[in-house]
Amino acid sequence: MANLFVNVLRGHQWLYENSNGLVGHKLLFGNPTLLLRTVGRKTGQQRTNALTYAKDGDAYLVTASNGGSPRPPGWLANVKAKGDCEIQVGTKRIPVTATATYPDDPDYARRFELADKVNQGRYAQYQTMTTRPIAVVVLTPR
């Protein structure tokens, strides 16, 4: 079943990218989705990930949940290595600065709650599945 879900997510991202954002912004479960474009810290190649997001003022919030896996997603290390990246929301491309936040940040709990609400409580569920703190990444337009 997990493989089926992964394939659905890959198909969603493919559709989002190949329609230039005309399709995919709110396709799966109605969650707002953006494309995060980073540069691989080891390869130097562009990487793209479709992620559910929440808004916090002008900033976009994404979580590095990786489905509750003990390991964070690879894109998190990429944005930590180079915070200047790009997001695509629908058809609009936006240069952003990515900042990973953790529970010691005074705004973390509020941000986590915003992101969790958009994703119908899945992030809180994922946090129970792992001992690592799930980062909330703030994507601030430049």
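The structure contained in this document is the topic of the report that follows. The structure presented is a predicted model; accordingly, all values stated were derived computationally and were not measured.

Criteria and cut-off values
In this convention, every chain numbers its residues from 1, walking through the sequence in written order. pLDDT decides what is reported in this predicted model: residues at 70 or higher carry local features, side-chain atom pairs at 80 or more are listed and counted, and totals for whole chains, interfaces and linings draw on all residues regardless. Water and hydrogen atoms were dropped before computing side-chain values, which therefore reflect all heavy atoms in the structure. Exposure is judged per residue with a 1.4 Å probe applied to protein chains only, and the accessible area is read against the type maximum: over 50% gives exposed, under 20% gives buried, and values in between give partly exposed. By definition, any uninterrupted DSSP run of H or I lasting at least four residues is a helix, any uninterrupted run of E lasting at least two residues is a strand, and each is numbered from the N terminus. Relevant arc is that of directions from the helix axis to the C-beta atoms, nothing else. For Phe, Tyr and Trp, where Trp contributes only its six-membered ring, two rings pair if their centres lie within 6.5 Å, and the inter-plane angle classes them as stacked under 30 degrees, edge-to-face over 60, or tilted in between. Note on criteria: charge over ring means Lys NZ or Arg CZ within 6 Å of the ring centre, with the direction from the centre no more than 35 degrees off the ring normal.

## Things to note about helix α3 (residues 108-118)
Note on helix geometry: an α-helix contains 3.6 residues per turn, so any two residues three or four positions apart are oriented the same way.
Right, on to step 1. Burial in α3 covers these residues: Tyr108, Arg111, Phe112, Ala115 and Asp116. Seen from one end, α3 has its buried residues packed into an arc of 130°, which puts them on one side. For α3, exposure combined with an orientation more than 90 degrees from the buried face picks out Ala109, Glu113 and Lys117.

## Structural notes on the packing of aromatic side chains
Right, on to step 1. In total, this model carries three aromatic pairs according to the counting rule given.
Right, on to step 2. Relative to Tyr126, the ring of Tyr123 has its centre 6.1 Å away and its plane inclined at 65°; by these criteria the two rings are edge-to-face. Of this pair, Tyr123 and Tyr126 both sit in helix α4 (residues 122-128), three residues apart, which is roughly one turn of that helix.
Right, on to step 3. Classification of Tyr123 by relative accessible area gives buried; the value is 6%.
Right, on to step 4. Accessibility expressed as a relative area gives 17% for Tyr126, which makes it buried.
Right, on to step 5. Over the ring of Tyr60 we find Lys55, and its NZ or CZ is 4.0 Å from the ring centre.

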